Every structure is written in C-alpha cells, then in structure tokens.
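# Analysis of the macromolecular model
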Amino acid sequence: MNKTFIITSKEGIHARPATALVNVAQKFQSEVTVASNGRNVSLKSILGVLSLGVGPGEYISFQATGEDAPAVISAIEAVFEQEGLGTVHE
C-alpha cells in the first residue's frame, strides 16, 4: 500500500515530526519504507528519516507491506494531519 504527501510545513520534516512518524511505524508489524529525493529508507529508523532532508514543497511517499499495511498508512496520515506536515498528493 502506498501514499504520497506534499510537504506544506515551512520547517519540513524535522526531529519532532520525524520522531512521531517513526514511533507510529514501530507499533505495526508491516515493513514501511519512505522515499523522497530519490532515496528510500526504513520509516522505523529515525536517522534514516532525518537523513532524507525533506523540506517544504517536496514530495514524500510511504510504502507499507504486510498484514496491517492499511492501518499503518492510516496512522501515518493521522500524524501528517496532527503535525500539520502536509497534504495527500492524489
């Protein structure tokens, strides 16, 4: 399952929202990868997520594979809403 967002937060994805995303991903069994700027990393790695350096106006995609993939994608979308990070890119 995939979901792509465009970052609207003027700070981009910095430490606080990255931590929130990683914490959500770690609650699920599914493998979750995040891609931006031509790089892919595990969403369960805070250093990996921060290393992407995702800024305002950039796209970020999440891919979840596993039994609870729809639930983890839904939880990621909730973090985006709570943190004011961005919107779903259709």
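Each remark here, short or long, concerns the structure printed above.
Rules and cut-offs
- Residues numbered from 1 in each chain as written.
- Predicted model: local features only at pLDDT ≥ 70, side-chain atom pairs only at ≥ 80, totals over all residues.
- Heavy atoms only, no water.
- Helix = DSSP H or I, 4+ residues; strand = E, 2+ residues; numbered from the N terminus.
- Rg over C-alpha atoms; globule rule 2.2 N^0.38 Å.
- Buried < 20%, exposed > 50% of the residue type's maximum accessible area, 1.4 Å probe, protein only.
- Contact = heavy atoms within 4.5 Å.
- Areas by Shrake-Rupley, 256 points an atom, 1.4 Å probe, with all protein chains shown as cover.
- Lys, Arg positive; Asp, Glu negative; His and termini not counted.
- Charge placed at Lys NZ, Arg CZ, Asp CG, Glu CD.
- Salt bridge = Lys/Arg side-chain N within 4 Å of Asp/Glu carboxyl O.
- Axes fitted to C-alpha atoms, helices over the stretch in contact; angles between N-to-C directions.
- Parallel < 35°, antiparallel > 145°, perpendicular 65-115°, else oblique.
- Left-handed = near helix turned anticlockwise from the far one by under 90°.
- Nonpolar A, V, L, I, M, F, W, Y, C, P; charged D, E, K, R; others polar.

Below, the discussion takes up the overall build of the chain. A count of helices and strands for the chain gives 3 helices and 5 strands. Order of helices (α) and strands (β) in the chain, N terminus to C terminus: β-α-β-β-α-β-α-β. Here the chain has a C-alpha radius of gyration of 11 Å; the compact-globule value for 90 residues is 12 Å, and the two agree. Projected onto its principal axes, the C-alpha positions of the chain cover 35 × 25 × 25 Å. Burial statistics for the chain: of 90 residues in total, 40% are counted as buried. Counted over contacts in the chain with a minimum sequence separation of 6, partners at least 24 positions apart contribute 71%. With an accessible surface of roughly 4,800 Å², the chain has 50% of that area assigned to carbon and sulfur atoms. Each charge class in the chain can be summarised by its mean position, and for the 6 positive and 9 negative side chains these summaries are 6 Å apart.

A separate point is the pattern of salt bridges. In total, this model carries 2 salt bridges according to the counting rule given. Linking E77 and K3 is a salt bridge whose minimum nitrogen-to-oxygen distance equals 3.4 Å. Linking E77 in helix α3 (residues 69–83) with K3 in strand β1 (residues 2–7), this pair joins segments that are 74 residues apart in sequence. Residue classification places K3 among the partly exposed residues on the basis of a relative accessible area of 22%. A salt bridge links R16 to E83; its shortest N-O distance comes to 3.2 Å.

Next up on the list: the packing of helix α1 (residues 15–26) against α3. One way to put it is that α1 packs onto α3 with a least axis distance of 9 Å and a crossing angle of 160°. By the angle class used here, α1 and α3 are roughly antiparallel. Handedness of the crossing formed by α1 with α3: right-handed. Where α1 abuts α3, its residues R16, P17, A20, L21, V24 and A25 lie against V72, A75, I76, V79, F80 and E83. Class assignment of the residues belonging to the contact of α1 with α3 gives a composition of 10 nonpolar, no polar and 2 charged.

By themselves these figures say nothing about function.
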